[in-house]
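Commentary on secondary and tertiary structure
Below, each chain spelled out in residue letters.
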Amino acid sequence: MITRRARSAALCALGAALVGCGAHGVQDAGHPERPGHATASASASASPSPSRPPTLAPGPAGLTPVFMNGPRTDGKTVALTFDADMTADQGPRAAAGEHFDNPELIATLRRLKVPSTVFMTGRWADEYPDEARSLGRDPLFEIANHSYSHYAFTPDCYGLPTIEPAQMRSDVERAFTAFRRAGVPHVMPYFRFPGGCYDDRALRELTPVGVTAVQWDVVSGDAFATDADAVAQQVLDGVRPGSVVVMHCTRSAAPVTEEAVRTIVPELRERGFRFVKVSELIGAKAGEAAEAGDRGQAGGSGQASGRG
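Residues numbered from 1 in each chain as written. Predicted model: local features only at pLDDT ≥ 70, side-chain atom pairs only at ≥ 80, totals over all residues. Heavy atoms only, no water.

1. Digging into helix H7 (residues 228-238)
We count it as follows: Only protein chains enter the accessibility calculation, which uses a 1.4 Å probe; a residue whose area is less than 20% of its type maximum is buried, one above 50% is exposed, and one in between is partly exposed. Helix numbering and strand numbering both begin at the N terminus, where a helix is a DSSP run of H or I of at least 4 residues and a strand a DSSP run of E of at least 2. As used here, the arc belongs to the directions running from the helix axis to the C-beta atoms. Working rule for contacts: check all heavy atoms of both residues, and any pair within 4.5 Å makes them a contact. The definition of a polar contact used here is a pair of N or O atoms within 3.5 Å, where within protein one atom must be able to donate a hydrogen and the other to accept one, and adjacent residues in sequence count solely through side-chain atom pairs.
Those residues of H7 lying buried are Ala228, Val231, Ala232, Val235 and Leu236. Mapping the buried residues of H7 onto a view down its axis gives an arc of 130°, with all of them on the same face. Within H7, the exposed residues directed more than 90 degrees away from the buried face are Asp229 and Asp237. Looking at the buried residues of H7, the elements they touch are strand S7 (218-219), strand S8 (243-248) and helix H8 (257-270). Its side-chain oxygen 3.0 Å from the backbone nitrogen of Asp229, Asp227 forms the N-cap of H7.

Next comes the structure, spelled out in structure tokens:
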């Protein structure tokens, strides 16, 4: 039986209409850059080499690994992530004038100099190729995969349409192709499930793609919110060292995010937090795991007797 692992608190208001971000800033054949798994040295670099971004080792039975937060004891770092959601069937709404981007938010992140990770759908990149390319070429941001269609990878995921298991891999690869077509130069080998919903079957289907699935430990509550102060307070109350915050950059579905960010960023900096991209937290987590493995090997050397 497949075990459902969707986080119940995630994106409580998120539905099929929830969509993405914009700005004024796939290495080959539509695929992400292929790294080796990160080692302890990866945590020392705030800007991993584009050719070798850090990833986590595969999970049990070789399943796609899942990352939720960085180390809690590796300094006061926090990653703000922004989902650029646009569902495959929302083209008519965009044509009618609905805005699935948020240039004002991206301008604020640039003005405040906040490194950020944008999880972008391929459909969004097709709709806003100039903005996707601008984000992808701006060193302040890193781009990661949020599927092409923004269809759910499990049933019963906040009202999103559901993709068939046989189409999961091709949907993710189609997104990488869309990023390449838009001119995004260095897409990270990270994937965020639409709605944050996944199970073992979804992890198994994506294993050949070679991505690390990225979740979060702080829900901003910005989806469909109208009170920027409440969004900011929810983030400020939830952030801990190593936290990953999920937010959105969509004028229509997350209209107060930019205002909330103007409160969140200076307050967290006042508390001593440093903003980083997800890649830095993954590198630190991988380094932590490598060090723990080394200690375990050293502790076990010559002590085989007495251990079950």
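2. Brief notes about the state of the cysteines
Note the cut-off: When the sulfur atoms of two cysteines come within 2.5 Å, that pair is taken as a disulfide.
Per the stated rule, a full pass over the model turns up one disulfide. What pairs with Cys157 in a disulfide is Cys197, and their sulfur atoms sit 2.2 Å apart. Judged by the torsion about the S-S bond (85°), the Cys157/Cys197 disulfide is right-handed. Note that Cys157 is positioned in the loop between strand S4 (141-145) and helix H5 (165-182) and Cys197 in the loop between strand S5 (187-191) and helix H6 (200-206), a separation of 40 residues in sequence. You'll find Cys157 and Cys197 in the same group, each marked buried.

3. A few points about the packing of aromatic side chains
Note the threshold: Stacked, tilted and edge-to-face are the three classes applied to pairs of Phe, Tyr and Trp rings, where Trp contributes its six-membered ring and a pair requires centres within 6.5 Å; stacked means planes under 30 degrees apart, edge-to-face means over 60, and tilted covers the rest. Only Lys NZ and Arg CZ are tested; either one counts as a charge over a ring when it is within 6 Å of the ring centre and within 35 degrees of the ring normal.
Overall, the coordinates contain six aromatic pairs when judged by the stated rule. Where Phe191 meets Phe193, the ring centres are 4.9 Å apart and the plane angle is 80°; that geometry is what we call edge-to-face. Look at Phe193 and you get buried, because its relative accessible area is 0%. In this structure an aromatic cluster arises from ring pairing among Phe153, Phe191, Phe193 and Tyr198. A cation over a ring is seen here: Arg192 above Phe119, with NZ or CZ 4.1 Å from the ring centre.

4. Observations concerning the nonpolar core
Selection rule: For this analysis, a nonpolar core means a set of buried residues of the types Ala, Val, Leu, Ile, Met, Phe, Trp, Tyr and Cys, connected via side-chain atoms within 4.5 Å.
Judged by nonpolar contacts, the single largest core of 63 residues is most densely connected at Met120, Trp124, Phe153 and Phe193. The element contributing the most residues to this core is H5, with seven residues. Contacts of Met120, omitting those with residues within four sequence positions, involve Ala84, Ala125, Ala132, Leu135, Ile143, Ala144, Asn145, His146, Ser147 and Phe179. In this structure, Phe119, Val219, Ile282 and Ala286 belong to the second largest nonpolar core, which totals 17 residues.

5. Digging into the environment of Val239
Among the secondary structure elements, Val239 is positioned in the loop between H7 and S8. Each C-alpha atom, one on Val239 and one on Lys76, is 9.7 Å from the other, the two residues being 163 residues apart in sequence. Non-local contacts of Val239, meaning those with residues more than four positions away in its chain, are made with Val78, Val218, Val245, Leu268 and Phe273.

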